[in-house]
Amino acid sequence: MLNRNSFFYQAALLAASNFVLQLLGFVYRVLLGRLAGPEGLGVYTLAIQVYSIVMSVCSFGLCVAVTHVCARLYETADYRGIRKLIRFALLCFILLLSLLAVPILSFRGFIAKTLLSDSRTESALFIILICILFTGIENILKAAFLGCRLVRYTAVSELGELLIRIGFAWLLLTRLMNGDHGRSAFLIVLAMTLSELYSVAFLSASFLARFKVKLAKPKTPAFNIKRAFLKMAVPSALTSVLSNVFSSIAVVIFPARLMLAGYAHNEAVSSLGLISGMVAPLLMLPYALVGALCALLMPSIAAASALGQKRVLARKIDKGIEAAGLLALPPTAALLPFIPLMCALLFNRTVPPLLALLLALHTVTVYYLILANSILNGLGLQKKVLLLAFLGESLQVALVFLLTAKPALHVYGYVLGMIIADLLRTLFSFVFIHASSGTKPRVFQAGLVPLACAVTLYAFSRLCFFKLLSLSISAANALLLSLGFSALLYFALLRLLGVRVLAYLRRFVFVQK
């Protein structure tokens, strides 16, 4: 019998959904890279910084709070409280968006030319606000379903949305693109906006059908929903705003600092598109697994912390860190040798191996940072997350500003700045986690074991690839076979480490009557 309420069932379903989303997202990025080119992606990346900042102000903190409070309400079957919470969250979102929309529309020319340093982004700014409206509503509804452990609704929504987005992006770029990179950025955002309509309609209908008001009283005394919501939303929103503002500043100043290092303007924008639109999405493929773990770990830790279950809490934290290492490090290491080849085959672009290595290190650091933030939020330490976000992002902007302009470093200085800042932020996050929870770092299980697996997979994937090439197999086929063999070795290593995937599935996903 299928145990649909278990943590592992929800994690497995979300991981499977994320895996398909990563594959579709990969197809989407290849499509954009081939149709819009690196410079078109660079202009789009600059324009989308406005989207990121506005979403961080209007939506992220609200979604974290919705997930947390919904988890408490759902445990007591308080459907009336859930609907009240969502109405209040949507009202807050629309008010915040309205406050930001007026100055953005009024000064979009100034924002494009002065703040983003590229006037070609102006045409995309208007449609971005419409996209944000739909995306914010969608994200609040998805947060409610995640808090109630109803992952299937979010999975269907995201899969359908991405398929529709791919279709609209292909249609718009092939029919309406005229060589103007600003127009390309506008068309990409328009495809995003049109695809959001599906998610809003599906999630709204599903929410109204699933959370019908029940007259039964909650099993536990009601708490002040609005107060609990705002108590978590405000620090989470501030953290998101700081992170996105500073990261957007780093992205915006990147082309200008590269020009001081000797790059032409179009080369600098193309470098931004190469990093953010081509290499980074390839390295983020393992996020399907890590993201599912982090998304469900936060409410799980919050529940254990609220009930005062110290031993359960410590076990969840330790196992979460160990699992994240095994899910993040080995798959990224297996992909690393093939990043230059994949970029050449898919995008017809050359990527230096050193740049691929540095971006891989940053990707792994980001995985651990996402995990640490999930645990800290679950422990109710939003103020610690806010403090570290401010310090880490400030340091990142300073390092990017200084290092990118050096001719000896240029684009490598940008990546080094991100690595140093995010690594320090991650280390201090884990210091706060262990100090608050009373746990101790498990260096061998959480560090050395995943690292040994990563080194093994890296060496094996390289050896396998070159061996297949020596057998006169094409580079593309050798790449696919090497990744397949590496995946088999990965599962074998997990089995040797005592991680029995099938046993976990039988125990936590399927239960006997």
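Residues numbered from 1 in each chain as written. Predicted model: local features only at pLDDT ≥ 70, side-chain atom pairs only at ≥ 80, totals over all residues. Heavy atoms only, no water.

## Considering the overall build of the chain
Phase 1 of the analysis: Secondary structure summary: the chain contains 17 helices and 0 strands in total.
Phase 2 of the analysis: Radius of gyration (C-alpha) of the chain: 23 Å, near the 24 Å computed for a compact globule of 513 residues.
Phase 3 of the analysis: Along the first, second and third principal axes, the C-alpha set of the chain runs to 65 × 60 × 40 Å.
Phase 4 of the analysis: Looking at the chain residue by residue over its 513 residues, the buried ones come to 53%.
Phase 5 of the analysis: Summarising the internal contacts of the chain: among those between residues at least 6 apart in sequence, 83% fall at separations of at least 24.
Phase 6 of the analysis: Accessible area of the chain: about 23000 Å², with a carbon and sulfur share of 69%.
Phase 7 of the analysis: Each charge class in the chain can be summarised by its mean position, and for the 45 positive and 15 negative side chains these summaries are 13 Å apart. (Helix = DSSP H or I, 4+ residues; strand = E, 2+ residues; numbered from the N terminus. Rg over C-alpha atoms; globule rule 2.2 N^0.38 Å. Buried < 20%, exposed > 50% of the residue type's maximum accessible area, 1.4 Å probe, protein only. Contact = heavy atoms within 4.5 Å. Areas by Shrake-Rupley, 256 points an atom, 1.4 Å probe, with all protein chains shown as cover. Lys, Arg positive; Asp, Glu negative; His and termini not counted. Charge placed at Lys NZ, Arg CZ, Asp CG, Glu CD.)

## Focus on the environment of K440
Phase 1 of the analysis: Among the structural elements, K440 can be located in the loop between helix 14 (411-437) and helix 15 (443-470).
Phase 2 of the analysis: For the pair formed by K440 and T76, sequence separation is 364 residues and the distance between their alpha carbons is 34 Å.
Phase 3 of the analysis: Setting aside residues no more than four positions away along its own chain, K440 makes contact with D318 and H434.

## Examining the nonpolar core
Phase 1 of the analysis: In this structure, V66, I82, I132, F211 and F229 are the most contacted members of the largest nonpolar core, which totals 122 residues.
Phase 2 of the analysis: Non-local contacts of F229, meaning those with residues more than four positions away in its chain, are made with L62, A65, V66, V69, L85, F88, A89 and C92.
Phase 3 of the analysis: A304, A372, L376 and A446 belong to the second largest nonpolar core, which has 27 residues in total. (Core = buried A, V, L, I, M, F, W, Y, C linked by side-chain atoms within 4.5 Å.)

## Overview of unusual backbone geometry
Outside of glycine, negative phi angles account for most residues, and trans bonds account for most peptide bonds.
Phase 1 of the analysis: Here the phi dihedral of H410 falls at roughly 40°; this positive angle occurs in a residue that is not glycine.
Phase 2 of the analysis: Mapped onto the elements of the fold, H410 is located in the loop between helix 13 (382-404) and helix 14.
Phase 3 of the analysis: For H410, a relative accessible area of 18% corresponds to the buried category.
Phase 4 of the analysis: One non-glycine residue, S472, adopts positive backbone phi at about 65°.
Phase 5 of the analysis: Its place among the elements puts S472 in the loop between helix 15 and helix 16 (475-496).

## Examining the pattern of salt bridges
Phase 1 of the analysis: Considering all chains together, one arrives at 7 salt bridges under this definition.
Phase 2 of the analysis: Residue E322 is joined to R442 by a salt bridge in which the shortest nitrogen-to-oxygen separation is 2.6 Å. With E322 in helix 10 (residues 310-335) and R442 in the loop between helix 14 and helix 15, the pair connects residues that are 120 residues apart, well separated along the chain.
Phase 3 of the analysis: Its relative accessible area of 11% is what places E322 among the buried residues.
Phase 4 of the analysis: Taken together, the shared-partner salt bridges in this structure form one network comprising E138, K142 and E158. (Salt bridge = Lys/Arg side-chain N within 4 Å of Asp/Glu carboxyl O.)

## A short note on the environment of L326
Phase 1 of the analysis: For L326, the position within the fold is in helix 10.
Phase 2 of the analysis: Assessed through its relative accessible area of 13%, L326 is described here as buried.
Phase 3 of the analysis: In sequence terms L326 and A454 are 128 residues apart; their C-alpha atoms lie 8.5 Å from each other.

## What to know about the packing of aromatic side chains
Phase 1 of the analysis: Evaluated as defined, the whole model comprises 8 aromatic pairs.
Phase 2 of the analysis: Ring centres of Y490 and F491 lie 5.7 Å apart, and the angle between their planes is 45°; this geometry places the pair in the tilted category.
Phase 3 of the analysis: Assessed through its relative accessible area of 48%, F491 is described here as partly exposed.
Phase 4 of the analysis: Through a chain of ring-to-ring contacts, three or more aromatic side chains come together here, namely F145, Y153 and F207.
Phase 5 of the analysis: Lying over the aromatic face of F401, R257 brings its terminal NZ or CZ to 3.6 Å of the ring centre. (Phe/Tyr/Trp six-rings, centres within 6.5 Å; stacked < 30°, edge-to-face > 60°. Lys NZ or Arg CZ within 6 Å of the ring centre and 35° of its normal.)

## Topic: the state of the cysteines
Phase 1 of the analysis: This model, assessed by the stated rule, comprises 0 disulfides.
Phase 2 of the analysis: The cysteine C131 is free of any disulfide, with C58 supplying the nearest cysteine sulfur at 13 Å. (Disulfide = S-S within 2.5 Å.)

## Focus: helix 4 (residues 122-147)
Phase 1 of the analysis: In this model helix 4 runs 37 Å from its N-terminal to its C-terminal C-alpha over 26 residues, within 8% of the 38 Å that 1.5 Å per residue would give.
Phase 2 of the analysis: The sharpest bend along helix 4 reaches about 30° and sits at I128.
Phase 3 of the analysis: Following helix 4 by one or two positions, R149 adopts a phi angle in the positive range, close to 60°. (Expected span 1.5 Å × (residues − 1). Bend = angle between axes of the 7 residues up to and from the residue.)

## So, the confidence of the model for the chain
Phase 1 of the analysis: In the predicted model, the chain carries a mean pLDDT of 81, and 90% of its residues have values of at least 70.
Phase 2 of the analysis: Within the chain, helix 17 (residues 501-509) has the poorest average pLDDT of any element, 44, and helix 14 the best, 91.
Phase 3 of the analysis: Note on residues 502-513: pLDDT under 50 across the span, and 21 contacts to partners over four residues away in sequence or across chains. (pLDDT = per-residue confidence, 0-100.)

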